[in-house]
Amino acid sequence: AQSVTQLDSHVSVSEGTPVLLRCNYSSSYSPSLFWYVQHPNKGLQLLLKYTSAATLVKGINGFEAEFKKSETSFHLTKPSAHMSDAAEYFCGTGSARQLTFGSGTQLTVLP
Amino acid sequence: GAGVSQSPRYKVAKRGQDVALRCDPISGHVSLFWYQQALGQGPEFLTYFQNEAQLDKSGLPSDRFFAERPEGSVSTLKIQRTQQEDSAVYLCASSAHQIYEQYFGPGTRLTVT
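Residues numbered from 1 in each chain as written. Chains lettered and ligands numbered in written order. Predicted model: local features only at pLDDT ≥ 70, side-chain atom pairs only at ≥ 80, totals over all residues. Heavy atoms only, no water.

1. Describing the sheet that holds strand 8 (residues 75-79) of chain B
Residues and elements named next belong to chain B. Ordered in space as 1-3-8-7, the four strands form an open sheet in which the pairing is antiparallel. What marks the edges here is a single partner per strand, and that holds for strand 1 (5-7) and strand 7 (65-68). Averaged over all pairs of adjacent strands, the angle between their axes in this sheet comes to 15°, without regard to strand direction. (Pairing = 2+ DSSP bridges. Helix = DSSP H or I, 4+ residues; strand = E, 2+ residues; numbered from the N terminus. Axes fitted to C-alpha atoms, helices over the stretch in contact; angles between N-to-C directions.)

2. Details of the pattern of salt bridges
One pass over the structure, following the stated rule, counts seven salt bridges over all chains. Among the ionic pairs, A:Asp8 bridges to A:Arg22, the shortest N-O distance being 3.0 Å. Of this pair, A:Asp8 sits in the loop between strand 1 (3-6) and strand 2 (10-14) while A:Arg22 sits in the loop between strand 3 (19-21) and strand 4 (23-26), placing them 14 residues apart in sequence. When the shortest N-O distance is used, the salt bridge between B:Lys78 and B:Glu68 registers 3.3 Å. Residue B:Lys78 is located in strand 8, and its partner B:Glu68 is located in strand 7; the two are separated by 10 residues in the primary sequence. (Salt bridge = Lys/Arg side-chain N within 4 Å of Asp/Glu carboxyl O.)

3. Considerations on the state of the cysteines
Residue and element names in this part refer to chain B. Summed over all chains, the structure comprises two disulfides over all chains. Covalently, Cys23 is tied to Cys92 through a disulfide, its sulfur atoms 1.8 Å apart. Taking the torsion about the sulfur-sulfur bond, which here is approximately -65°, the covalent link between Cys23 and Cys92 counts as left-handed. Taken together, the residues Cys23 in strand 3 (residues 19-24) and Cys92 in strand 9 (residues 88-95) connect sequence positions 69 residues apart. Exposure class is identical for Cys23 and Cys92. Each is buried. (Disulfide = S-S within 2.5 Å. Buried < 20%, exposed > 50% of the residue type's maximum accessible area, 1.4 Å probe, protein only.)

Everything listed is a geometric property; what it means functionally is a separate question.
As structure tokens, then:
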């Protein structure tokens, strides 16, 4: 079975500094991985997904994630945080019929 | 264009009542998913439809939960004899082709008192 673990429940950064949200996966074969973002009172939005093509995946709003098989990781990064990035972020994995989400990381951006 | 809509946005039910939650997916989206999100947790899969066919209901927590999509568009999630542990946000999502690119509605927050 595939699963993910989000290593931090809360991350706080200052505006303009880099963002790192950590996610490790567990899978017996090459997984399909994604990151979604959830702003308050809004639906989840897909940021990016990895499906065994390029290991560095670029998403929307300047986010990117790197698939590292040796570390079983799929961390989400952004070079410079913006106030509008404050939200909850979910890492996850998918099979043919369902997505499995991690427990989420709440990102706070300080002015 | 219109996204996924869900109604009601908030529902308070007394324990033992039945509730029905509605999802209007994006027009033309073949696949529809229901998730349950408890406070402070990630969404958990409940069930999946392809058109009107319910292809996976492995996530439904008990036989009190029932979902349908009779004409392959609007879907209803019904919970019978609600219990306090059913309190959660129920999310609906639809997708055109790729399972990973799901479009989520804002959710229905169910509180069972």
